[in-house]
Amino acid sequence: MRLLVANGPNLNLLGVREPELYGRATYGDLVKFVNRVAAECGVEVEVRQSNHEGDLVDWIQECPGKFDALVLNAAAYTHTSVAILDAIKAVRVRTAEVHLTEPKEREEFRRISYVGMVAEWTFSGRGFESYADAIRHFAEVLS
Ligand code: DQA
């Protein structure tokens, strides 16, 4: 089974970005963590990050035939991007929404999730463990 783990804007700044919310571990640490959990689950994984909405749309469109499922932390685009919502609907890739924090417990504007409208599952509020929850979940339901 092949998973795409796609990360949106500002997640490349993990470690320096609002550490009181996101912690001190870096994006590189996140990539290592995801690779380790995927290996433990016997899942092939590709981890990507972009600050650009169109890249995320392109990657979603790439999924059919290449990836069995998508683990997506669209970051701020979660709360704004109809384009990402439409892309997931268009290619019908099985999607898990992930967040390091719990957006619903933060500012009002983070309560809307366009990704959540099409994701089959949401894993949030557990730091890196949110990604592990999503990978383990796919390993279980898709094996
Ligand atoms: C985030 C939550 C979003 O609201 C925020 O814009 C992010 C990160 C998270 O992982 O907690 O950039 O997706």
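Thresholds applied
Residues numbered from 1 in each chain as written. Predicted model: local features only at pLDDT ≥ 70, side-chain atom pairs only at ≥ 80, totals over all residues. Heavy atoms only, no water. Near = heavy atom within 4 Å. Polar contact = N/O pair within 3.5 Å; in protein donor to acceptor, adjacent residues only side chain to side chain. Areas by Shrake-Rupley, 256 points an atom, 1.4 Å probe, with all protein chains shown as cover. Nonpolar A, V, L, I, M, F, W, Y, C, P; charged D, E, K, R; others polar. Phe/Tyr/Trp six-rings, centres within 6.5 Å; stacked < 30°, edge-to-face > 60°. Helix = DSSP H or I, 4+ residues; strand = E, 2+ residues; numbered from the N terminus. Buried < 20%, exposed > 50% of the residue type's maximum accessible area, 1.4 Å probe, protein only. Disulfide = S-S within 2.5 Å. Salt bridge = Lys/Arg side-chain N within 4 Å of Asp/Glu carboxyl O. Pairing = 2+ DSSP bridges.

**Structural notes on the site of the ligand**
Link 1 in the chain: Surrounding the ligand, one finds Arg17, Tyr22, Asn73, Ala75, Ala76, His79, His99, Leu100, Thr101, Arg106 and Arg110.
Link 2 in the chain: Separating an oxygen atom of the ligand from a backbone N or O atom of Ala76 is a distance of 3.2 Å.
Link 3 in the chain: At 2.5 Å from an oxygen atom of the ligand is found a side-chain nitrogen or oxygen belonging to Thr101.
Link 4 in the chain: Protein contacts shield 99% of the accessible area of the ligand, which totals 320 Å² for the unbound molecule.
Link 5 in the chain: Looking at side-chain class alone, the shell around the ligand contains 4 nonpolar, 4 polar and 3 charged residues.

**Observations regarding the packing of aromatic side chains**
Link 1 in the chain: Here the structure, examined in full by the defined rule, presents 2 aromatic pairs.
Link 2 in the chain: On the basis of an interplanar angle of 85° and a centroid distance of 5.4 Å, the ring pair of Trp121 and Phe138 is categorised as edge-to-face. Note that Trp121 is positioned in strand β5 (residues 121-124) and Phe138 in helix α5 (residues 128-142), a separation of 17 residues in sequence.
Link 3 in the chain: Accessibility expressed as a relative area gives 0% for Phe138, which makes it buried.

**Some remarks on the state of the cysteines**
Link 1 in the chain: Scanning the model with the defined rule gives 0 disulfides in all.
Link 2 in the chain: Free of any disulfide, Cys41 has its nearest cysteine sulfur in Cys63, 19 Å distant.

**As for unusual backbone geometry**
Link 1 in the chain: Non-glycine residue Asn10 carries a positive phi angle of around 75°.
Link 2 in the chain: Its location among the elements puts Asn10 in the loop between β1 (2-7) and α1 (19-22).
Link 3 in the chain: Of note, Ala75 is a non-glycine position whose phi angle comes to about 50°, a positive value.
Link 4 in the chain: Summarising the element assignment, Ala75 is placed in the loop between β3 (69-73) and α4 (82-91).
Link 5 in the chain: The exposure class of Ala75 is buried, given its relative accessible area of 12%.

**Let's talk about the pattern of salt bridges**
Link 1 in the chain: One pass over the structure, following the stated rule, counts 13 salt bridges.
Link 2 in the chain: Here Arg94 and Glu120 are joined by a salt bridge, their closest N and O atoms 2.9 Å apart. Of this pair, Arg94 sits in strand β4 (residues 94-99) while Glu120 sits in the loop between β4 and β5, placing them 26 residues apart in sequence.
Link 3 in the chain: Measuring nitrogen to oxygen at the nearest pair gives 2.6 Å for the salt bridge that ties Glu107 to Arg110.
Link 4 in the chain: By relative accessible area, which is 16% here, Arg110 ends up buried.

**Notes on the pairing of β1**
Link 1 in the chain: The buried fraction of β1 amounts to 5 of the 6 residues, a majority that puts the element mostly inside the structure.
Link 2 in the chain: Relative to strand β2 (residues 44-49), β1 runs parallel, the two sharing 6 bridges. Residue pairing for β2: Leu4 is matched across the bridge by Glu46.
Link 3 in the chain: For β1 and β3, the ladder comprises 5 bridges, and the chain directions are parallel. What sits directly across from Asn7, in β3, is Asn73.

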